[in-house]
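Residue-level structural notes
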Amino acid sequence: MKRIKFFTLLLLFIVTFACEKKAPNNDPKMTGKDHIIDKRVTFNKTDQAIKKVYVPVYSNIYQRTRNDRTSLTSTLSIHNTSETDTLFITRIDYFNTEGKLVEKYLESPIYVNTFETIEYVVSEADNSGGSGANFVIEWYGDKKLNPLFQAVMIGGLGNKTFSFTTEGIYFE
């Protein structure tokens with residue numbers, strides 16, 4: 001009998017503490033807020049040209065008709081693929097389907113350390129971007145840097161969930 005009580009109490013203890021709910025990130029828009037560069041820091045534009053990347057994302061997608069849409073959560077991921085050099089980001093702007101600026105994500109430049117990834121999230125409840133939203137990112141760094149800019153969208157229909165990715169393309 002003592003054994004049953006012991007195991008019952010042990011099980012109750014495990015269930016109680018195993019189901020602890022973690023607090024969500026207070027600012028889901030960006031990870032890595034400590035990456036802001038002092039506004040007084042400048043760089044020599046002749047040594048490191050700023051490059052632009054366009055990353056398509058989707059706030060929602062069409063289902064059966066143009067009026068029947070599924071909302072999505074979109075995550076922009078910026079990966080520094082270098083083992084030796086820091087990546088500097090000077091602009092992350094979010095545009096809607098009509099090409100109008102929805103939000104400027106940076107007030108000052110940020111950095112991304114070697115092999116580090118930073119992310120920006122557009123929540124499922126935010127439909128401001130529409131079905132043809134996009135991010136424009138401007139960055140600079142060593143000439144041999146080859147960062148990766150991706151977006152992951154996730155959503156659901158009924159009891160099924162799905163996700164897909166897009167990759168950024170360079171433009172002038």
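Throughout what follows, the structure given in this document is the object of discussion. Remember, predicted model here, so these are calculated numbers, not experimental data.

About the criteria used
- Residues numbered from 1 in each chain as written.
- Predicted model: local features only at pLDDT ≥ 70, side-chain atom pairs only at ≥ 80, totals over all residues.
- Heavy atoms only, no water.
- Phe/Tyr/Trp six-rings, centres within 6.5 Å; stacked < 30°, edge-to-face > 60°.
- Helix = DSSP H or I, 4+ residues; strand = E, 2+ residues; numbered from the N terminus.
- Buried < 20%, exposed > 50% of the residue type's maximum accessible area, 1.4 Å probe, protein only.
- Core = buried A, V, L, I, M, F, W, Y, C linked by side-chain atoms within 4.5 Å.
- Contact = heavy atoms within 4.5 Å.

To continue, consider the packing of aromatic side chains. Aromatic ring pairs are reported here in terms of the distance separating the ring centres and the angle at which the planes meet. Here the structure, examined in full by the defined rule, presents eight aromatic pairs. With a centroid separation of 5.5 Å and 55 degrees between ring planes, the pair formed by Tyr105 and Phe135 is classed as tilted. With Tyr105 in the loop between strand 6 (101-104) and strand 7 (110-112) and Phe135 in strand 9 (residues 134-140), the pair connects residues that are 30 residues apart, well separated along the chain. The two residues Tyr105 and Phe135 agree in class, both being buried. Ring pairs connect the aromatic residues Tyr94, Tyr105, Tyr120 and Phe135, which therefore count as one cluster.

Quick look at the nonpolar core now. By size, the foremost hydrophobic cluster in this structure holds 25 residues, and its most contacted members are Ile78, Ile89, Ile92, Tyr120, Phe135 and Ile137. Those elements giving two or more residues to this core turn out to be strand 1 (51-56), strand 4 (73-79), strand 5 (87-95), strand 7, strand 8 (117-122), strand 9 and strand 10 (148-157). Among the elements that take part in this core, strand 5 stands out by supplying four residues, more than any other. Apart from the residues lying within four places of it in its own chain, the contact partners of Ile78 are Leu87, Ile89, Ile92, Val112, Glu116, Thr117, Ile118, Tyr120, Ile137, Leu148 and Phe149.

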